[in-house]
Amino acid sequence: MQTSRCCEHHTRQENKKKKKKMDPQTPHDSSSTSSSSARLPRALALAIGMVLGGGFVAYVASTTTMKSPCEGNFFKSEDFDEDFVEDEPLPDHDDDNLRGSKEDFDADFVEDEPIPGHENENLRGSKQVIVSVAHSESEEARGPALPGPMISGPPDGTTKQMLSELRALSVDLTPGSKCSTWYGIEMIEKQRQKILEVCEPIADSDSVPSKVYCYSRDPFDLGTRYTCVFEDAELVDYRPEFWKKPTSAIHYTKLAVQSCTMGVNVMKISWDGWTEYTMRHVEERPRLECRDVVEHPVIVYTMWELAGHNLYEQMGDYFTVLEAVLTMQVEFSDVELFLTNIDNKMPAYPIFDAWRTAFSRRGIRMGHEWYKNGTCFRKIAFPPVPGVSTISGNRGRSGQTSCRVGPIFRVISLFTRSLFVQNQTIHGLSEKPRCRLALLHRTEPPRTFDSASYVDELNNRLLAKKLQFKGHEEEGYKAFVFDPRGVPLYKNLRILSRVAVLFGIHGAGLAHSLFLQEGHSALLELYCADRQAGNGHYKTIVAMMGLSYSSLSSTMCKGFDPGVVAGAAIKLIPETTKADCLP
């Protein structure tokens, strides 16, 4: 920590105190608060390589040490072991050999390794130790962090690889076109070119000035979108009551900066949501007074969809945060995520498995687990407000089909599918051919019908058309009811990797089409009741992913003729799958 940013004298005094307390023969855990605190060492080193979509490599390796200051919020070793021992194969896929066991993972337990460059600071490579403590050893200064899953997330180099993949997929887009600036590599590059410098350095200051700047996403159909970053800023105030309120797009985070002045543009810009609070209430100081320093990047985000079941809106939040990582060009393995308006009492929806895995190295904090006032951040970022995203913006909700390729959709789909080691084989996500037709089950009226009867009709027609063979289940196509509710995301992704046609009533669950396979899968959308063809949410996703698409409409959802639905689904079966599925 430089003298110009925090008090060097205080640092020296604190270091002397640490040296007196530390036993030179025993590693010192700077996060411990008392001798009675439970320290649960747990390490998992797991390395699996996977090549997808032209060279996207997913490598997984982790060491984990956790101590819980709040019981009930953290995984326990017996929970971890049980997940792998009790994990059952999918119906009709008993031979997948994807079940794990306790013994498989015990053999990989290794000692925690120090973070490179911090061997003398005793900062272990864990999710719990996420603050480089410059002035205090107090756990109270920090608050607990939510650990990610028991496997590591993306390794160093993932952000660079995603950008490379995004660039490669954008080569056929016309530079400067809407499709390129909305969904291609230009979306990222133009934001990095349009940086709005917000805090002007003070001349002749004896302190290194803080930096405040915003990446500007323009064009965007609802006005300019900003991802704002503070470098060397101090947390002055955070209002936790905001995350309890129904207005999910607002949080109040007040920061202080040193040796720079917030420009007049700050008051003129039409900030939205959190930006109006944070950007217009910055304290200007000659010098910060840091009680703790967070050395790694932190991203603060308020989710639009809380603990509901709207996967479409949840995916919008997911895209926004991942795009912020790509725009900032920081590594997932180094970023800590703070979600301001959720807590650990809210039921976790399946896509949250991806959040937890993507940011598992540093972990995820929730609204009640924020840092204490006086904490300084080397880099803290605020992505654009929720409620609109790359998925829904630019006519995404009504059907953006003028662009027949969406590189950012494909890169995020690929990234998400590569996160889960449970699905990885030496050949990719699945060695099974895509010979399944999945009817997405809905239970919420009025948009529901008897899923089983439609699947029965479809299987009968597949049999009649010699696309299915009785007594030879391993050959031909088969329809089944797909109900993703309450199922871990990795299992749903495993199922979707084998689906040739996904069909069902219009609803948020059709956002699963993001994980279908380009050229080998199709979507049949059934419009009925209060959702008709003007709702083009999934037409957009299908277009971006390069999938085949068709739709049917009915006034009443139970009014669909099962035979008509079955015929439409069979017609959509991709020709590319028949060589693998038919004898």
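About the criteria used
Residues numbered from 1 in each chain as written. Predicted model: local features only at pLDDT ≥ 70, side-chain atom pairs only at ≥ 80, totals over all residues. Heavy atoms only, no water. Disulfide = S-S within 2.5 Å. Helix = DSSP H or I, 4+ residues; strand = E, 2+ residues; numbered from the N terminus. Buried < 20%, exposed > 50% of the residue type's maximum accessible area, 1.4 Å probe, protein only. Pairing = 2+ DSSP bridges. Axes fitted to C-alpha atoms, helices over the stretch in contact; angles between N-to-C directions. pLDDT = per-residue confidence, 0-100. Contact = heavy atoms within 4.5 Å. Parallel < 35°, antiparallel > 145°, perpendicular 65-115°, else oblique. Nonpolar A, V, L, I, M, F, W, Y, C, P; charged D, E, K, R; others polar. Phe/Tyr/Trp six-rings, centres within 6.5 Å; stacked < 30°, edge-to-face > 60°. Lys NZ or Arg CZ within 6 Å of the ring centre and 35° of its normal.

Description of the state of the cysteines
Should the sulfur atoms of two cysteines be covalently bonded, the bond is a disulfide.
Point 1. Inspection of the entire model under this criterion finds six disulfides.
Point 2. Cys199 shares a disulfide with Cys260; S-S distance 2.0 Å. Handedness here is read from the sign of the S-S torsion; for Cys199 and Cys260, about 85 degrees, the answer is right-handed. Placement of Cys199 in strand β6 (residues 199–201) and of Cys260 in strand β11 (residues 260–262) is noted, with a sequence separation of 61 residues between them. We note that Cys199, like Cys260, is buried.
Point 3. With its disulfide-bonded cysteines labelled consecutively along the sequence, the protein chain is connected as 1-8, 2-5, 3-4, 6-7, 9-12, 10-11.

Some points on the sheet that holds strand β17 (residues 375–377)
Point 1. Reading across the sheet, the five strands line up as β12-β10-β9-β17-β13 and stay open at both edges, with mixed pairing between neighbours. Two strands bound the open sheet, and with one partner strand each, they are β12 (283–285) and β13 (292–294). Put simply, the sheet's adjacent strands are angled 30 degrees from each other on average, direction ignored.
Point 2. Sheet topology places strand β9 (residues 233–238) next to strand β10 (residues 253–258); four bridges connect them, and they run antiparallel. Bridging from a neighbouring strand, Leu235 pairs with Leu255 of β10.

Considerations on the pairing of strand β8 (residues 225–231)
Point 1. Of all seven residues making up β8, seven are buried, and the element is well covered by its neighbours.
Point 2. Along β8, one buried face is formed by Arg225, Thr227, Val229 and Glu231 and the opposite face, lined by Tyr226, Cys228 and Phe230, is buried too.
Point 3. Examined bridge by bridge, strand β7 (residues 211–217) and β8 share seven bridges and lie antiparallel to one another. Across the sheet, residue Tyr213 finds its bridge partner in β8, namely Val229.
Point 4. Strand direction decides the pairing type here: β8 and strand β18 (residues 380–382), joined by three bridges, are antiparallel. In the sheet register, Phe230 faces β18, and the bridge partner there is Ile380.

Description of the confidence of the model for the protein chain
Interpreting fine coordinate detail is not advised for predicted regions of low pLDDT.
Point 1. A residue-level look at the protein chain finds 68% of positions with pLDDT of 70 or above and a mean pLDDT of 75.
Point 2. Confidence drops under pLDDT 50 across residues 1–151; counting only partners more than four residues distant or on other chains, this segment forms 287 contacts.
Point 3. Scored below 50 in pLDDT, residues 426–430 makes twelve contacts in the model with residues more than four places away or belonging to other chains.

A closer look at the packing of helix α9 (residues 311–328) against helix α11 (residues 407–417)
Point 1. α11 packs onto α9 with a crossing angle of 95 degrees between their chain directions and a minimal axis gap of 11 Å. Judged by the angle between their axes, α9 and α11 are roughly perpendicular. In contact with Tyr318, Phe319, Leu322, Glu323 and Leu326 of α9, α11 contributes Ile408, Phe409, Ile412, Phe415 and Thr416.
Point 2. Of the residues that constitute the contact of α9 with α11, the class distribution is eight nonpolar, one polar and one charged.

A few points about the packing of aromatic side chains
Aromatic ring pairs are reported here in terms of the distance separating the ring centres and the angle at which the planes meet.
Point 1. Evaluation of the coordinates by the stated rule reveals 18 aromatic pairs.
Point 2. Considering the side-chain rings of Tyr213 and Tyr215, the 5.8 Å spacing of their centres and the 90 degrees angle between planes classify their relative orientation as edge-to-face.
Point 3. Taking 5.7 Å as the distance between ring centres and 15 degrees as the angle between the ring planes, the aromatic pair formed by Trp370 and Phe377 counts as stacked. We note that Trp370, like Phe377, is buried.
Point 4. Through a chain of ring-to-ring contacts, three or more aromatic side chains come together here, namely Tyr238, Phe338, Trp370, Tyr371 and Phe377.
Point 5. Between the NZ or CZ atom of Arg225 and the centre of the ring of Phe220, over which it lies, the distance is 5.3 Å.
Point 6. Here the basic side chain of Arg365 rests over the ring of Tyr371, its NZ or CZ set 4.0 Å away from the ring centre.

Focus: the environment of Ala568
Point 1. Mapped onto the elements, Ala568 comes out in helix α15 (residues 562–571).
Point 2. Judged by relative accessible area, Ala568 falls into the buried class, the value being 17%.
Point 3. Residues Ala568 and Ser551, spaced 17 residues apart in sequence, show a C-alpha to C-alpha distance of 8.4 Å.
Point 4. Apart from residues no more than four positions distant in its own chain, Ala568 is found in contact with Leu524 and Leu552.

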